[in-house]
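Next come the chains, spelled out residue by residue.
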Amino acid sequence: MKCGSYRLIKKSFQCKARLGRVYTARGVIDTPVFMPVGTQGTVKGVATEYLKSSGAQIILANSYHLYLRPGTEIIKKAGGIQKFNSWNKPMLTDSGGFQIFSLNDIRKLSEEGAEFRSHIDGSAHFFSPESSMRIQKDIGADIIMCFDECTPYPAEYKYAKESMELSLRWAKRCKTEFYKDNAFETQALFGIIQGSVYDDLRKQSALEMTDMDFTGYAIGGVSVGEPKEEKEKVIEIVEPLLPENKARYLMGVGMPEDLWEGVERGIDMFDCVIPTRNGRNGQVFTSRGKLNIRNAEFREDFSPLDPECNCPACKGYSKAYLNHLVRAQESLYLSLLSLHNIYFMVNLMSKIRKSLENDTFLEAKKEFFDKYYKRQS
RNA sequence: GGGGGUGUGGCAGAGUGGUCUAAUGCACCAGACUGUAAAUCUGGCGGGCUUGCCCUUCGGUGGUUCAAAUCCAUCCGCCCCCA
């Protein structure tokens, strides 16, 4: 089976949701799937063995960050990123395209690529579609992404159009570079659809990207500050234009509610820093909504974070204790809360897949939302 | 016994006649975070309401002054040095 290929197992009769599988040399991924983000080759605060225990199937890493440190040579020598961090399972790397957005102040964009001033030491580093491909090949992720510009939000139509078209031209260059050798036997290249919140731009991007025939397709340029409705509309515009036999990946999403909305609209893959970042900031996701464990109401709450969760934090510790760890700035909470949130997202996706098997997706979604928002209302 | 210093909001600590409900930090109370420059950032933190004002605060009391955390007197507490 070609790396990164998608097999559709079942389509929901209720909505666009799909149950499927993505094949890679390092394992099969059941979709819909949530992919934890490990920018620097590590999911922040979570030891690999715990990450495995969560049931996570694939994790991300970032080209820009790993290229700067430790450098691709070391990762190559280590035998690839999966061996380097001892994950030994499927990984996906982002191309550096998101850094064009997030490191806006320390980069210069041109037709050729993007020059970054290293956030570590200020040195200049030029990223092009070609160099991004080489970096990602060296890092050795199973799925790699086209180098694109993650269009900021809000963006004027003119800017969004030029940005989207630039990403299209870059995608062509990525493809050429990627297929120069036989890397595609062990790696897959996904294209990224841009176009901000403009329907015609999204359609044009989707059409031209699919013409280029990538192994999978991502929707990028979302979750950059736009309202929830805009994000959902983007999926609705793009999804019908994507081939059924390829994976669809919604980049940078998201919150638990976003995962339901995304799956319902036909998305197979998600990634997000939310579980780890929010965990480090004390925010915890539970079946009864999100809460901030730092808050006073948990000082003497000796129950677990989520009675439905079987993660180490929930199995071993009370809210009161976790509250104490956060207040005392004890580093253990970083790990425990990040891990809990990853368990939550991974379990949520597993629940979603099960509901698709049973043809009860919409019922499961309603049940989830009723419970999840009860606390907040 | 002699000499010197000091007392400020939960804590530490600025301020030494009006611009002081009083800097700053911590603590405390909340909120945000979406392909990670984030264990970060933002707001609040005396009381009242008509949200602009009013009332009450800088150890106690009493003064000086148009005006006092700030000056004076006195009392109380604490600290240091010498005996």
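Definitions and cut-offs
- In this numbering scheme, every chain counts its residues from 1 along its sequence in written order.
- By the order in which they are written, chains take letters starting at A while ligands take numbers starting at 1.
- For this predicted model, a pLDDT threshold of at least 70 governs which residues receive local features, and a threshold of 80 or more governs which side-chain atom pairs are given and counted, while totals over whole chains, interfaces and linings are taken from all residues.
- Only heavy atoms go into the side-chain values, all of them from the structure, while hydrogens and water stay out.
- Starting at the N terminus, helices and strands are each numbered in turn, a helix being any DSSP run of H or I of at least four residues and a strand any DSSP run of E of at least two.
- Only C-alpha atoms enter the radius of gyration, while the globule expectation follows 2.2 Å times N to the 0.38, with N the number of residues.
- Partly exposed residues are those whose accessible area sits between 20% and 50% of the maximum for their type, while under 20% is buried and over 50% is exposed, using a 1.4 Å probe and protein chains only.
- Contacts are assigned to residue pairs with any non-hydrogen atoms lying within 4.5 Å of each other.
- The accessible surface values rely on the Shrake-Rupley method and a 1.4 Å probe; as for residues, cover is taken only from the protein chains in view.
- The sign given to each residue is positive for Lys and Arg and negative for Asp and Glu; His and the chain ends receive no count.
- Taken as the charge centre is NZ of Lys, CZ of Arg, CG of Asp or CD of Glu, depending on the residue.
- Polar contact criterion, stated in full: a pair of N or O atoms within 3.5 Å, where within protein one must be able to donate a hydrogen and the other to accept it, and residues adjacent in sequence count only if both atoms are side-chain atoms.
- All the domain ranges listed were derived from an automatic or database domain assignment.
- Buried area counts how much accessible surface, traced with a 1.4 Å probe, disappears from two parts once they are put together, with both parts' losses summed.
- One speaks of a salt bridge when a side-chain nitrogen belonging to Lys or Arg is within 4 Å of a carboxyl oxygen belonging to Asp or Glu.
- Each residue receives one of three labels: charged for Asp, Glu, Lys and Arg, nonpolar for Ala, Val, Leu, Ile, Met, Phe, Trp, Tyr, Cys and Pro, and polar for the others, Gly being one of them.
- Axes here mean lines fitted to C-alpha atoms, for a helix over just the part in contact, with angles spanning 0 to 180 degrees between N-to-C directions.
- Reported orientations rely on four angle classes, namely roughly parallel under 35 degrees, roughly antiparallel over 145, roughly perpendicular from 65 to 115, and oblique for the rest.
- Should the near helix be turned anticlockwise from the far one by less than a right angle, the crossing is termed left-handed; should it be turned clockwise, right-handed.
- Being near a molecule or strand, for a residue, means having at least one of its heavy atoms within 4 Å of it.
- What makes two strands pair is DSSP finding at least two bridges between them.

## Some remarks on the overall build of chain A
Helix and strand counts for chain A stand at 15 helices and 16 strands. Relative to the globule expectation of 21 Å for 377 residues, the C-alpha radius of gyration of chain A, 20 Å, shows essentially globular dimensions. Within chain A, the proportion of its 377 residues that are buried is 58%. The long-range fraction of contacts in chain A, counting pairs at least 24 apart against all pairs at least 6 apart in sequence, stands at 68%. Within the structure as shown, chain A displays about 15500 Å² of accessible surface, and the carbon and sulfur contribution to it stands at 50%. Charge separation in chain A, taken as the distance between the mean sites of 52 positive and 49 negative side-chain charges, equals 4 Å.

## Comments concerning the environment of Asp 301
For Asp 301, the location among the structural elements is in the loop between strand 16 (289-292) and helix 12 (312-316). Its relative accessible area of 21% is what places Asp 301 among the partly exposed residues. Here the alpha-carbon distance between Asp 301 and Asn 278, two residues 23 residues apart in the chain, equals 21 Å. Setting aside anything within four residues of it in sequence, one finds Asp 301 in contact with Ser 318, Lys 319 and Ala 320. Polar contacts involving the side chain of Asp 301 include one to the side chain of Lys 319, which spans 3.3 Å.

## Description of the environment of Asp 268
Mapped onto the secondary structure, Asp 268 falls in the loop between helix 10 (256-264) and strand 14 (269-272). Overall, the relative accessible area of 0% leaves Asp 268 in the buried class. Sequence separation of Asp 268 and Asp 30 is 238 residues, and the distance between their C-alpha atoms is 9.1 Å. With residues near it in sequence (within four places) discarded, Asp 268 still touches Tyr 6, Arg 18, Thr 31, Pro 32, Val 33, Lys 246, Ala 247 and Arg 248.

## A closer look at the domain arrangement of chain A
By domain assignment, chain A separates into domain 1 (6-272) and domain 2 (282-372). If you average the C-alpha positions of domain 1 and of domain 2, the two centres end up 27 Å apart. Taken together, the 35 residues of domain 1 in the interface contact 28 residues of domain 2. Together, Gln 14, Pro 256 and Trp 260 form the three largest contributors to the area buried by domain 1 at its contact with domain 2, with a combined 28%. Across the contact surface, domain 1 and domain 2 share 3 salt bridges. In this structure, Glu 261 engages Lys 365 in a salt bridge whose closest nitrogen and oxygen atoms are separated by 3.2 Å. Counting every contact that joins domain 1 to domain 2 gives 11 residue pairs in polar contact (both at pLDDT 80 or more). The element contributing the most residues to the side of domain 1 that touches domain 2 is helix 10, with 7 residues. When the residues that make up the side of domain 1 that touches domain 2 are grouped by side-chain class, the tally is 19 nonpolar, 9 polar and 7 charged.

## Topic: the packing of helix 9 (residues 228-238) against helix 10
The N-to-C vectors of helix 9 and helix 10 enclose an angle of 25°; their axes lie 10 Å apart at closest approach. For the element pair helix 9 / helix 10, the angle class is roughly parallel. The interaxial crossing formed by helix 9 with helix 10 has right-handed handedness. Of the residues in helix 10, those in contact with Lys 228, Lys 231, Glu 232 and Ile 235 of helix 9 are Glu 257, Asp 258, Glu 261 and Gly 262. Its residues assigned to classes, the contact of helix 9 with helix 10 shows 1 nonpolar, 1 polar and 6 charged.

## Concerning the protein's contact with RNA strand B
Ser 102, Cys 150, Ser 223, Val 273 and Thr 276 are the nearest of the 44 residues found near RNA strand B. Counting only the atoms of RNA strand B within 4 Å of the protein, the fraction contributed by sugar and phosphate is 47%. A distance of 2.3 Å separates a phosphate oxygen of RNA strand B from a polar side-chain atom of Ser 102. In the environment of RNA strand B, a base oxygen lies 2.9 Å from a nitrogen or oxygen atom belonging to the side chain of Asn 281. Taken together, the residues that form the surface near RNA strand B break down as 16 nonpolar, 17 polar and 11 charged.

## Quick word on the sheet that holds strand 13 (residues 247-250)
Overall, parallel pairing links the 8 strands, which are arranged 4-14-13-12-11-10-6-5 in an open sheet. The sheet is open, and its two borders are formed by strand 4 (33-36) and strand 5 (59-62), each paired with just one other strand. Ignoring which end each strand starts from, the neighbouring axes of this sheet average 25° apart. As defined by bridge partners, strand 11 (residues 188-193) adjoins strand 12 (residues 216-219) across 4 bridges and the pair is classed as parallel. Bridging from a neighbouring strand, Gly 191 pairs with Tyr 217 of strand 12. Across the face of the sheet, helix 6 (residues 129-139) comes into contact with strand 6 (91-94), strand 10 (143-145) and strand 11 while running at roughly 160° to strand 10. This element, helix 14 (residues 332-357), spans strand 4 and strand 14 of the sheet and lies at about 165° to strand 4.

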